[in-house]
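Each chain, letter by letter, is given below.
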Amino acid sequence: MKYIENLFFGLNAREQTLLVIAIWSVLAIFIFKILGNSVETYEQWELNERVISGHKQILSLKPSIDIALEQQKTDQQNKSYDKKQLSNLASRLADQVFPQRDYRELDSDERERYKQHRVRIKFDRASYEDVNEYAALIRAESPYMFLSEVKIEPNYPPKNRPYDPTTFDASFEVSSVEFLNP
């Protein structure tokens, strides 16, 4: 310690002032860095606390969701469509509206308590009325059959025939949920 004291007092006044300013600057930067990291860590803890709280809230809803799901399962017993019934009904409804449609069965998504069956129906160059009518027919079958995805793209008439009607390419993904027995 005596050595540092002798070294410091061996410097002229300007050098002593610069050394003191440099030491204080380094200390201030160090303190600001520590404070910045502390604030950042505290904010991260608060964020994690909110995320955990949100997850706890969601988990607390599980019993009521299970009860509602069981009620829905009871209500739809013998009314929900399996894959074959969905395919037949979706195809038959499409034939009523637009017989030259394209039809494809998609893979079923199987979960713990239910299966979601899906069918894709495509209309090429259909009228707006046909597209709307098919959507209405599917909605009429709700909640046992529903539209899970719809894509509609217009086909505008060419510039040399501006009075031709606009047609639509529509892709409907029709789904049904089949509850599994526990």
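Everything numeric in this text was worked out from a predicted model, so none of it was measured. (Residues numbered from 1 in each chain as written. Predicted model: local features only at pLDDT ≥ 70, side-chain atom pairs only at ≥ 80, totals over all residues. Heavy atoms only, no water.)

Quick word on the packing of aromatic side chains
To keep things clear, this is the line we draw: Pairs were defined over the aromatic rings of Phe, Tyr and Trp, the Trp ring being its six-membered one, requiring ring centres within 6.5 Å. Orientation was assigned from the angle between planes: stacked under 30 degrees, edge-to-face over 60, tilted for the rest. Segments assigned H or I by DSSP are reported as helices when at least four residues long, segments assigned E as strands when at least two residues long, and all are numbered from the N terminus. Whether a residue is buried, partly exposed or exposed follows from its accessible area with a 1.4 Å probe, protein chains only, as a fraction of its type maximum: under 20%, in between, or over 50%, in that order.
Under the counting rule described, the total for this entry stands at 5 aromatic pairs. For the pair Phe123 and Phe172, a centre-to-centre distance of 5.5 Å together with 65 degrees between the ring planes defines the contact as edge-to-face. One end of the pair, Phe123, is in strand β2 (residues 114–126); the other, Phe172, is in strand β4 (residues 167–179), and 49 residues separate them in sequence. Look at Phe123 and you get buried, because its relative accessible area is 0%. Classification of Phe172 as buried rests on a relative accessible area of 1%. Site record: aromatic cluster; members linked through ring pairs are Phe98, Phe123, Tyr134 and Phe172.

Describing the sheet that holds β4
To be explicit about the condition: When DSSP locates at least two bridges between a pair of strands, those strands are taken to pair. Axis lines are fitted to C-alpha atoms, over the contacting stretch for helices. Their N-to-C directions set the angle, which ranges from 0 to 180 degrees. We call two residues in contact when some of their heavy atoms are within 4.5 Å.
Strands sit in the order β1-β2-β4-β3 across an open sheet of 4 strands; the sheet is antiparallel. The open sheet has two edge strands with one neighbour each: β1 (102–110) and β3 (146–155). Pairs of neighbouring strands in the sheet enclose a mean axial angle of 15 degrees, with direction left out of account. The pairing of β1 with β2 spans 7 bridges and is antiparallel. From the neighbouring strand, Asp102 faces β2, where its bridge partner is Lys122. In the packing of helix α4 (residues 83–97) onto the sheet, the strands contacted are β1, β2 and β4, and the crossing angle to β2 comes to about 20 degrees. Sitting on the sheet, helix α5 (residues 128–140) is in contact with β2, β3 and β4, with an inclination near 5 degrees to β4.

Some details on the pattern of salt bridges
A side chain with one charge may pair with a side chain of the opposite charge, provided their charged atoms come close. Note the threshold: Counted as salt bridges are all cases of a side-chain nitrogen of Lys or Arg within 4 Å of a carboxyl oxygen of Asp or Glu.
Counted according to the given criterion, the structure contains 7 salt bridges. For Asp66, the salt bridge goes to Lys62, with nearest N and O atoms at 2.9 Å. With Asp66 and Lys62 both in helix α3 (residues 62–75) and 4 residues apart, the pair spans about one turn of that helix. Owing to a relative accessible area of 44%, Lys62 belongs among the partly exposed residues under this scheme. Its salt-bridge partner being Glu173, residue Arg120 comes within 2.9 Å of it at the nearest N-O pair. Of this pair, Arg120 sits in strand β2 while Glu173 sits in strand β4, and the two are 53 residues apart along the sequence. The burial state of Arg120 is the same as that of Glu173; both residues are buried. One salt-bridge network, in which partners are shared between bridges, spans Asp109, Arg118, Arg120 and Glu173.

Notes on the packing of α4 against α5
What counts, and what does not: We call two directions roughly parallel when the angle between them is under 35 degrees, roughly antiparallel when it is over 145, roughly perpendicular when it lies between 65 and 115, and oblique otherwise. Should the near helix be turned anticlockwise from the far one by less than a right angle, the crossing is left-handed, and should it be turned clockwise, the crossing is right-handed. Any residue that is not Ala, Val, Leu, Ile, Met, Phe, Trp, Tyr, Cys, Pro, Asp, Glu, Lys or Arg is counted as polar, Gly included; the first ten are nonpolar and the last four charged.
Remark: α4 packs on α5, axes separated minimally by 9 Å, with the N-to-C direction vectors making an angle of 150 degrees. As judged from the angle between their axes, α4 and α5 are roughly antiparallel. By crossing handedness, the relation of α4 to α5 is classed as right-handed. Counted together, Ala90, Leu93, Ala94, Gln96 and Val97 of α4 and Asp130, Glu133, Tyr134, Leu137 and Ile138 of α5 form the full contact between these two elements. Here the contact of α4 with α5 is composed, by residue class, of 7 nonpolar, 1 polar and 2 charged.

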